[in-house]
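What the coordinates show
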Amino acid sequence: MLDKQFNPATAEKEIFKKWEQNNLFAARPQSGKPPFSIIIPPPNVTGVLHMGHALDNSIQDVLCRYKRMKGFDLLWQPGMDHAGIATQVVVEKLLAKEGKSRHDFGREKFIEKVWEWKEKSGGQIINQLKALGASCDWDRTRFTMDEGLSAAVRKIFVKMFKDGLIYKDKRLVNWDSKLQTAVSDLEVIQKETVGTMWYMNYPVENEPGRFITVATTRPETFFGDTAVAVSAEDERYKDIIGKNVILPIVNRPIPVVADEHADPEKGTGAVKITPAHDFNDFEVGRRHNLPMINILDVHAKLNENVPAEFQGMDTMTARAKVLERIKELGLYVKEEPNPMTIPYGDRTGVVIEPYLTDQWFVDTKEIGRRALEAVENGSVKMYPENMKNTYYEWMRNLQPWCISRQLWWGHQVPVWYGPDGHMFCEETELEAKIEATKHYGEETPLHRDTDVLDTWFSSGLWAFSTMGWPNESDEYLKRYYPTSVLVTGFDIIFFWVARMMMMSLYAMEEIPFKEICFHGLVRDEKGQKMSKSKNNGIDPLEMIAKYGADALRMSLLVQAGTGRDVLIGDSRVEAYRNFATKIWNSAKFCEMNDCKVAEDYNPAGVKLPMNAWIITKLSEAEKEISNAIETYSFNDATQTAYHFVWGVFCDWYLEMAKPVFYGDSETAKKETRSTMAFVFDKILGLLHPFMPFITEELWDKTAERSEMLMASAWPNVAEYENLEATRKVDWAINMVSAIRSVRSEMNISAGAKIKLRIQEASDAQRGLIGEFSQMISFLARVEEIDFVSEPVKGAVSTVYDGMIMMIPLEGLIDVDKEKMRLTKEMDALSGFIERTLGQLANEAFVSKAPEKVINDKRASLAEAQDSMKKLQEAFDRIAGL
């Protein structure tokens, strides 16, 4: 017997354990089934489950459970990213609590400390993903620093180096002065602020009294200026292009160059060029072969390339000092507020500096071209399709990819240097020594490059390295690569998706996945991005503890249209906990009425129209759900499942069955019990990808089973459809709905039985009413149905399918009281409508209010106007009696 209610807190752990014990997550390469494979976007080893993970992995799990039930051999490849910066920061903070730093241990010992931390504390997110219900092949969990993946990284680096695709160069990078390393754009937070734009004069060389006025938000970097750029079309400056201006304080001549970067319409039309400290200026510098003067050290303090009085200053102190000197020289013009964004390190909070330094780069032009073509020619499909435009824009404007980091934790660059700086790039130190001996003619001491590789470099190999590459004979690589689909957020399309495309096509000569499903971001209920500063973050583990994993998954999936953002909050998750309760209660209803599938039951041979109807509705729902999952419309799939279970099965079919169960026909009862049990079993199958825990529990407890639900076949009942019976039952249901609508409008008590008078009914309609009279009477609370030829006095009427249905109101309502009620409600609505119209007509309000507030106001207004229309119609009906 079923418990009173489902208890997720205890049941979910036990169910997951049974799945693992039955080895249901494992791929089966020898099964003979068609393969379907997905790689998990590897979460950081330092990570904890957040709502983005919950959405991403819920979507993947739906696909995996669905495809298993559809008969595929499923590999969902799990793993974790070593997260170079994040992990090193975590361990260094732990050492700092002991009053130590990594330098107290040295590189080798510090890395041992990181591995110790990883074994003890890292990877908790794996268990958190299991709590969500993720059905990955957990026995195949990989780590981007495990030996197999490390070998893959070394091999691909060496190959790319020898092919001329990896090289060392001095270029601008994002520099974190606290970590003293280059960082990727994803590790930079852009914060909006209002800064200051300072204007100053640069004297034109040999033309006393003539100046070019330039503007800057960073006066402290002006020691690195090596030119002033103007537009070749700017009449103000045409005569001094090619001449010099004098850089104040240091009195260094710098040229005036014509460059497209200068816009005559912006500011003064003249732009100071600091190639070593601005990404745009760097490109100008390269175009004009300008000197690149780095004026900062690794700590972001001014270095030896500035006058002695400024050396060692931090940027803010230097800024104030530079402005003071400019004013003393009489070259200060003005300053004004300037809205701007300032980059900060997401781990350290320090300002990120554009910094000129030697780094390792990947030449992305050639490998990028192939990755671009793979999407252009349709080899890789994107959902939603408009993501292709975003992809194209980036891929057609590729820049060199900085892959080196000045850290200790990560894949160390496999390059060794001889005494003269000659580079030897090999997979092992022994191979490097052999090559060095060949080069120098004798054994020569070498030292290894100290940089490690960007985390995105190793994760760029994820699709094939996790399948056993570089062992090209690995059965998993042969069977499951390329993978079937990648599910990921649109925010890492460049950092991960594009790089996997480039690296996979280079290494494997084949695309890494056939399709990409992009989902949106998870936001709070107000549509705001979750952040610590707003204190609006929602912990998915807390939601799971409070409402269960199924409820959380449903609340995310029901909004998960491709590319659309998802809003989450307690009320939304609670709503799907209530849905789970509805499912549980419907199972109890089946149990209470002894619903089991009889041995001789044949769904194709049911006689009662309502049983044929529910089987047909089940088939329609299955086809809609399957199609939606196949096209990654998870919101449509979830909404269809929800509507069918609650709105069709529970609200209509279970109610239709009650008079059958209360009746005298044992034949009808037997058929209905079997049909109800049959359909409920299929419902569990349809819901399983979305709500795996409660469906598995009910599958186990409602009948003797030969296998777990997760291992069962996907429901398919198309062969049992009966469209004629469905048409009839739908007609009767719509008639009941029309009667209920009138009852509601007239405020007739739910328990009151009514008399129904019908005028102008055809013979066919009379036949249908006769056939379904028991159902109509029970569901619409009708005690008497008569066909009449004239209107009935004192009755309220409605038209359905050409028939005039009339309900005599005598004894059902107090007409005068009902008029007063309707008048009071209309007065209240009228006031609301008038106030809202006034707000929306107020230009000051509309211009200042957030777009969401305006949209909500408009939606509320439309709803109120609709309600007013219905109330007026009800009033007019009563007034006309």
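Quick look at the overall build of the protein now. Tallying secondary structure elements over the protein gives 28 helices and 29 strands in all. On the principal axes, the C-alpha backbone points of the protein span a range of 110 × 70 × 55 Å. If you take every contact in the protein between residues at least 6 apart in sequence, the share linking residues at least 24 apart comes to 77%. When the accessible surface of the protein is split by element, carbon and sulfur atoms take 48% of a total near 39,800 Å². Put simply, the protein has 107 plus and 130 minus side-chain charges, and the middle of one group is 3 Å from the middle of the other.

On to the packing of aromatic side chains, then. Tallied over the full model, the rule gives 39 aromatic pairs. Pairing Tyr-576 with Tyr-642 gives two aromatic rings, centres 5.6 Å apart and planes at 65°, and the pair type is edge-to-face. In this pair, Tyr-576 is assigned in helix H18 (residues 570-592) and Tyr-642 in helix H20 (residues 634-662), connecting sequence segments 66 residues apart. Overall, the relative accessible area of 13% leaves Tyr-576 in the buried class. Classification of Tyr-642 as partly exposed rests on a relative accessible area of 28%. One aromatic cluster in this structure is built from Phe-157, Phe-161, Trp-360, Trp-401 and Phe-457. The ring of Phe-72 has Lys-67 lying over it, and the distance from NZ or CZ to the ring centre is 4.7 Å. When the ring centre of Phe-143 is taken as origin, the NZ or CZ atom of Lys-118, which lies over that ring, is 4.4 Å away.

Going from Tyr-383 to Pro-384, the amide bond is cis rather than trans, its omega being 0°. Following Trp-469, the chain continues to Pro-470 via a peptide bond in cis, the omega torsion being 20°. On the secondary structure map, Pro-470 appears in the loop between helix H13 (462-465) and helix H14 (475-480). The backbone of Ile-249 shows a phi angle near 70°, a positive value even though the residue is not glycine. The exposure class assigned to Ile-249 is buried, which follows from its relative accessible area of 15%. In the Ramachandran plot, Asp-801 falls in the positive-phi region, its phi being about 50° despite a non-glycine side chain.

Taken in spatial order, the four strands of this open sheet run S6-S5-S14-S16, and their pairing is antiparallel. Each end of this open sheet is capped by a strand with a single partner; those strands are strand S6 (181-183) and strand S16 (401-402). In the sheet, strand S5 (residues 166-176) pairs with strand S14 (residues 353-362) via 10 bridges, with the strands oriented antiparallel. If you follow Tyr-167 over to S14, its bridge partner there is Phe-361.

To continue, consider the sheet that holds strand S20 (residues 447-448). The strand order across the open sheet formed by three strands is S19-S18-S20, and the pairing between neighbours is antiparallel. The two strands at the open ends of the sheet, each matched to only one other strand, are strand S19 (423-425) and S20. Against the sheet, helix H11 (residues 429-440) engages strand S18 (415-417) and S19, with an angle of about 140° to S19.

So, about the environment of Tyr-653. Looking at where Tyr-653 falls in the secondary structure, it is placed in helix H20. Along the backbone, Tyr-653 and Ser-674 are 21 residues apart, and their C-alpha atoms lie at a distance of 13 Å. Leave out the neighbours within four places in its chain, and Tyr-653 touches Met-610, Asn-611, Trp-613, Ile-614, Val-648, Thr-672, Thr-675 and Met-676.

The next thing to look at is the nonpolar core. Core analysis: the biggest nonpolar cluster contains 226 residues, and Phe-157, Phe-457 and Met-735 have the highest contact counts within it. It is H20 that contributes the most residues to this core, 15 residues altogether. Setting aside its immediate chain neighbours within four residues, Met-735 contacts Leu-756, Ile-758, Ile-769, Ile-776, Tyr-800, Met-803 and Met-805. Residues Trp-175, Val-230, Leu-296 and Val-322 belong to the second largest nonpolar core, which totals 34 residues.

So, on to the pattern of salt bridges. Taken as a whole and judged by the stated rule, the model has 59 salt bridges. When the shortest N-O distance is used, the salt bridge between Glu-630 and Lys-67 registers 3.1 Å. One end of the pair, Glu-630, is in helix H19 (residues 609-630); the other, Lys-67, is in helix H2 (residues 51-69), with 563 residues separating them in the sequence. For Glu-630, a relative accessible area of 35% translates into the label partly exposed. In this structure, Arg-218 and Glu-353 form a salt bridge, with 2.8 Å as the shortest nitrogen-oxygen distance. With Arg-218 in the loop between strand S8 (211-216) and strand S9 (227-230) and Glu-353 in strand S14, the pair connects residues that are 135 residues apart, well separated along the chain. In this structure Glu-353 comes out as buried when scored by relative accessible area, which is 2%.

Attention now moves to the environment of Gly-569. Relative to the elements of secondary structure, Gly-569 occurs in the loop between strand S25 (566-568) and H18. Taking the C-alpha atoms as reference, Gly-569 lies 6.2 Å from Asp-524; in sequence the two are 45 residues apart. Once residues lying within four places of it in the same chain are set aside, the contact partners of Gly-569 are Glu-525 and Ile-538.

A separate point is the packing of helix H9 (residues 364-376) against helix H10 (residues 387-395). The geometry of H9 relative to H10 is characterised by a closest axis approach of 10 Å and an angle of 160° between their N-to-C directions. Relative to H10, the element H9 lies roughly antiparallel. For the pair H9 and H10, the sense of crossing is left-handed. Between H9 and H10, the contacting residues are Gly-368, Ala-371, Leu-372, Val-375 and Glu-376 on the first element and Lys-388, Tyr-391, Tyr-392 and Met-395 on the second. Split by residue class, the contact of H9 with H10 holds six nonpolar, one polar and two charged.

Parameters and conventions
- Residues numbered from 1 in each chain as written.
- Predicted model: local features only at pLDDT ≥ 70, side-chain atom pairs only at ≥ 80, totals over all residues.
- Heavy atoms only, no water.
- Helix = DSSP H or I, 4+ residues; strand = E, 2+ residues; numbered from the N terminus.
- Contact = heavy atoms within 4.5 Å.
- Areas by Shrake-Rupley, 256 points an atom, 1.4 Å probe, with all protein chains shown as cover.
- Lys, Arg positive; Asp, Glu negative; His and termini not counted.
- Charge placed at Lys NZ, Arg CZ, Asp CG, Glu CD.
- Phe/Tyr/Trp six-rings, centres within 6.5 Å; stacked < 30°, edge-to-face > 60°.
- Buried < 20%, exposed > 50% of the residue type's maximum accessible area, 1.4 Å probe, protein only.
- Lys NZ or Arg CZ within 6 Å of the ring centre and 35° of its normal.
- Pairing = 2+ DSSP bridges.
- Axes fitted to C-alpha atoms, helices over the stretch in contact; angles between N-to-C directions.
- Core = buried A, V, L, I, M, F, W, Y, C linked by side-chain atoms within 4.5 Å.
- Salt bridge = Lys/Arg side-chain N within 4 Å of Asp/Glu carboxyl O.
- Parallel < 35°, antiparallel > 145°, perpendicular 65-115°, else oblique.
- Left-handed = near helix turned anticlockwise from the far one by under 90°.
- Nonpolar A, V, L, I, M, F, W, Y, C, P; charged D, E, K, R; others polar.

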